[in-house]
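Here is what each chain is made of, one letter per residue.
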Amino acid sequence: MAIQSLASDRVGKQCLWYYKGMNEIEAVSTHQPSVTYHGAARMVTGTMHLVHAAGKRILLDCGSISGGSRDQDPFDLPFPFDPAEIDAVVLTHCHQDHCGRLASLVMQGFDGPIYTTQPSRDILEVLLFDTARIREQELMMRGRKHHGGPRPKVRFGTAEAHHTLDLVEVTPLGKPVVIDGDIELTLLEAGHILGSAMVHLAWQELGRTWRLTFTGDLGRSGFPFQHPHVALPPADLLLCESTYGGEAHDTAEMMAQNMARAIRRAASEGGKILIPAFSLGRTHIILHYLRKWMNQGVIPNLPIHVDSPLGRKLHKVFLRYPGEFSEKYRDDLEVDWLEGRDDATDVSFREGARIIVASGGMLEGGRILHHLRFHIDDPRATLLLVSYQAPGTLGEQILEKGDSVRFNGRRWNKWIDVVQVRGFSGHADHKDLLAAIEPLAGNVRQIRLVHGEPDRAEALAKALVARGFNDVRLPEMHETTQLS
Ligand SMILES: [Zn+2]
Ligand SMILES: [Zn+2]
């Protein structure tokens, strides 16, 4: 969808934005505060919501979309607004679908503060320098044979990573801070991953107080390591995630049974068990459960190798926050962290059944592809998918029926056993979401459901309407909601 016109008169606090394209969204005169959804609208990934409040432009998250074009340098993608005109960014947490385009925003002109928690700042530091290292390597490789995605066009190295990190304003949970003298921002425990926060904004405009609550990604009940999320603050507009609307997570017992079945089969045949896992959060949850179930005798006691250089760096950040985690958690991480590619290849070819947890949750990249190439045509091996697989990703394609799949520039026989084990999610499910929103009855005017596929978000919307919430909608991409 192309932007047809974007004009603004910031002095008079009047903006005329309108988008023309497939759905000709709407012409909006922002006499009133508003939010425009530039991602995670009727989809899970790419969270990027632009709030107009008290004459300011506040961007809530700046995430990347999974399953998009692999032919374009993501740093070269334009934003549907001028990054230089954004006054501040609030970052809820450091999953790529919330922070993946932050560095690109800075490279394209944003120079304001980035508000986030201390653990998220530390995680962001690791991610930014990891990206800088990879891009510097890829630039050096220019002219040689290139593997994987597009060649970087935009320079993003350690100097640029430092510049982005310098913009971060560490914001403690539960303590309001003032943005630009006009808007009060409070970050609140979201219980999703280390450092994750909900956002609450309050400001005066047009002779009254306005309040907006954004859940970011909301944690589930009874999950290891994380503190539960706090109560959602009352608001005129609630932006709520809806990833698992209408769904119930499997219990730990069900997860253990499904996992055990797959691992026992592979173990009896001497096959490798490959588990792709996001470096941030998911790797550590998987390791926790594998250790626990091995200790309980639920799954066979097999060697565990972890091929995730980024996961290892993040593990060191996690250990800086002992208050967030239990002692047991640290024991869980006493595993074989693989050092380099040669080490990984050696383990992948070693005899006998073993578990390899590798980076690349949706198989869009990461170390998992290295191992998958060796074992995708081995019927003794098992690929255990433990994460949501977004449409268009290799993970989603591999789940589909068929004897072959294309990646790394060629087609491969798909004889590996592919098993999806649900329940490892760090997101609230339907019951958790209702339990979080229901106490707001009478204290929220508008609810907009984001970060969910349409059927999931609709299931949640229906349940909310049945409970008396009457202004509940699923926004379209680039749609604007005026607060009322
Ligand atoms: Zn997340
Ligand atoms: Zn997310």
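Every chain is numbered on its own, with residues counted from 1 as its sequence reads. All chains are assigned letters beginning at A, and all ligands numbers beginning at 1, according to the order in which they are written. Per-residue local features are limited, in this predicted model, to residues with pLDDT of at least 70; the limit for side-chain atom pairs, both in listing and counting, is 80 or more; totals at the level of whole chains, interfaces and linings are taken over all residues.

Caption draft 1: Examining the overall build of the protein more closely. What the protein contains, in helices and strands, is 13 helices and 25 strands. Working definition of burial: number of other C-beta atoms within 10 Å of the residue's own, with buried at 20 or more, exposed at 12 or fewer, and partly exposed in between, all C-beta atoms being placed from the backbone. By residue count, 48% of the 484 residues in the protein fall in the buried class. Here the analysis covers contacts within the protein between residues at least 6 apart in sequence; of these, 74% occur between residues at least 24 apart. Only DSSP runs of H or I reaching four residues or more are called helices, and only runs of E reaching two or more are called strands; each is numbered from the N terminus. We call two residues in contact when their backbone-placed C-beta atoms lie within 7 Å.

Caption draft 2: Here's a closer look at the packing of helix H3 (residues 118-140) against helix H4 (residues 158-166). Axis definition: a line fit to C-alpha positions, over the contact stretch in the case of helices; interaxial angles, taken between N-to-C directions, run 0 to 180 degrees. At their nearest, the axes of H3 and H4 sit 8 Å apart, and the two run at 155° to each other. Put simply, H3 runs roughly antiparallel to H4. Here H3 runs over H4; the crossing is right-handed. Note on element contacts: H4 touches H3 through Thr158, Glu160, Ala161, Thr164 and Leu165, opposite Leu124, Glu125, Leu128, Phe129 and Ala132. In the scheme used here, Gly and all other residues not listed as nonpolar or charged are polar, with Ala, Val, Leu, Ile, Met, Phe, Trp, Tyr, Cys and Pro taken as nonpolar and Asp, Glu, Lys and Arg as charged. For the contact of H3 with H4, the class distribution of residues is six nonpolar, two polar and two charged. In what follows, roughly perpendicular refers to angles from 65 to 115 degrees, roughly parallel to angles under 35, roughly antiparallel to angles over 145, and oblique to any angle outside these ranges. A clockwise turn of the near helix away from the far one marks a right-handed crossing, whereas an anticlockwise turn of less than a right angle marks a left-handed crossing.

Caption draft 3: Spotlight on the confidence of the model for the protein. Per-residue confidence for the protein gives a mean pLDDT of 88, with 88% of residues at or over 70. On a range of 0 to 100, pLDDT expresses the predictor's confidence in each residue. Scored below 50 in pLDDT, residues 1-30 makes 41 contacts in the model with residues more than four places away or belonging to other chains.

Caption draft 4: Structural view of helix H7 (residues 309-318). For H7, every residue scored as buried is listed here: Gly311, Leu314, Val317 and Phe318. Buried residues of H7 fall within an arc of 105° about the axis and therefore sit on the same side. Of the surrounding elements, those touching the buried residues of H7 are H3, helix H6 (282-295), strand E16 (304-307) and strand E18 (354-359). Within this analysis, the arc is defined by the directions that extend from the helix axis to the C-beta atoms.

Caption draft 5: Spotlight on the nonpolar core. Grouped together as the largest cluster of nonpolar side chains are 126 residues, with contacts concentrated most on Ile58, Leu274, Ile286 and Val357. Ranked by the residues each element gives to this core, the list is headed by H6, at six residues. Start and end positions for the domains come from either an automated domain assignment or a database one. Domain assignment of the residues forming this core places at least three in each of domain 1 (2-247 + 426-482) and domain 2 (252-420). Excluding residues within four positions of it along the chain, Leu274 makes contact with Ile356, Ala358, Ile368, His371, Leu372, His375, Ala381, Leu383 and Leu384. To form a nonpolar core, buried Ala, Val, Leu, Ile, Met, Phe, Trp, Tyr and Cys residues must be joined through C-beta atoms within 7 Å.

Caption draft 6: Seen up close, the packing of helix H12 (residues 430-437) against helix H13 (residues 454-466). Interhelical geometry of H12 versus H13 gives an angle of 40° and a closest axis separation of 11 Å. By the angle between their directions, the pair H12 and H13 is classed as oblique. Two packed elements cross with a definite hand, and for H12 against H13 that hand is right-handed. Along the contact surface, H12 presents His430, Leu433, Leu434 and Ile437, while H13 presents Ala459, Leu460, Ala463 and Leu464. Residues that form the contact of H12 with H13 fall into these classes: seven nonpolar, one polar and no charged.

Caption draft 7: Region of the structure containing the sheet that holds strand E13 (residues 208-214). Strand order in this open sheet of seven strands is E10-E11-E12-E13-E14-E23-E24, and the pairing throughout is mixed. Because the sheet does not close on itself, it has two edges, and the strands there are strand E10 (177-179) and strand E24 (472-473). In this description, strands pair whenever DSSP reports at least two bridges between them. Bridge analysis of E13 against strand E14 (residues 235-241) gives three bridges, and the strand direction is parallel. Considered in E14, the bridge of Leu212 is made with Leu237.

Caption draft 8: Up close: helix H5 (residues 252-269). With 18 residues, H5 should reach 26 Å at 1.5 Å per residue; the first-to-last C-alpha distance of 26 Å fits that figure. Among all positions in H5, only Met259, Ala262, Ile263, Ala266 and Ala267 are buried. Considered in projection along H5, the buried side chains sweep an arc of 135° and stay on one side of the axis. In this structure, H5 carries Glu253, Arg261 and Ser268 as exposed residues pointing more than 90 degrees from its buried face. On its buried face, H5 is in contact with strand E15 (272-277), H6, strand E19 (382-385) and strand E22 (417-420). Phi turns positive one or two residues past the end of H5, at Gly270, with a value near 75°. Given a helix with a known number of residues, its expected span is that number minus one, times 1.5 Å.

Caption draft 9: The arrangement of the environment of Ala428 in detail. With respect to the helices, strands and loops of the structure, Ala428 is situated in the loop between E22 and H12. Beyond its immediate sequence surroundings of up to four residues, Ala428 is in contact with Leu218, Gly219, Arg220, Tyr244, Leu433 and Ala436.

Caption draft 10: The arrangement of the sheet that holds strand E17 (residues 336-337) in detail. One open sheet holds the six strands; their spatial order is E17-E16-E18-E15-E19-E22, and the pairing between them is parallel. Two strands lie at the open edges of the sheet, namely E17 and E22, each paired on one side alone. Here E19 pairs with E22 via four bridges, running parallel. Considered in E22, the bridge of Leu383 is made with Val418. Helix-sheet contacts for H5 involve E15, E19 and E22, and the interaxial angle to E19 is about 160°.

Caption draft 11: Focus on the pairing of strand E20 (residues 404-407). Pairing geometry for E20 and strand E21 (residues 410-413), over four bridges, is antiparallel. Following the sheet pairing, Val405 is matched in E21 by Trp412. Counted between consecutive antiparallel strands, the loop separating E20 from E21 contains two residues, among which Asn408 sits at a positive phi close to 55°.

Caption draft 12: Main features of the environment of Trp412. Looking at where Trp412 falls in the secondary structure, it is placed in strand E21. For Trp412, the residues in contact, after removing those within four places along its chain, are Ile376, Asp377, Ser404, Val405 and Phe407.

Caption draft 13: Seen up close, unusual backbone geometry. With a phi angle near 55°, Asn408 is a residue other than glycine that sits in the positive phi range. Positionally, Asn408 belongs in the loop between E20 and E21. Overall, Asn408 belongs to the partly exposed group, with 13 C-beta atoms counted inside 10 Å. One non-glycine residue, His451, lies in the positive phi region at around 55°. Of note, His451 is situated in the loop between strand E23 (444-450) and H13. Residue His451 is classed as buried on the basis of its C-beta count, with 30 C-beta atoms lying within 10 Å.

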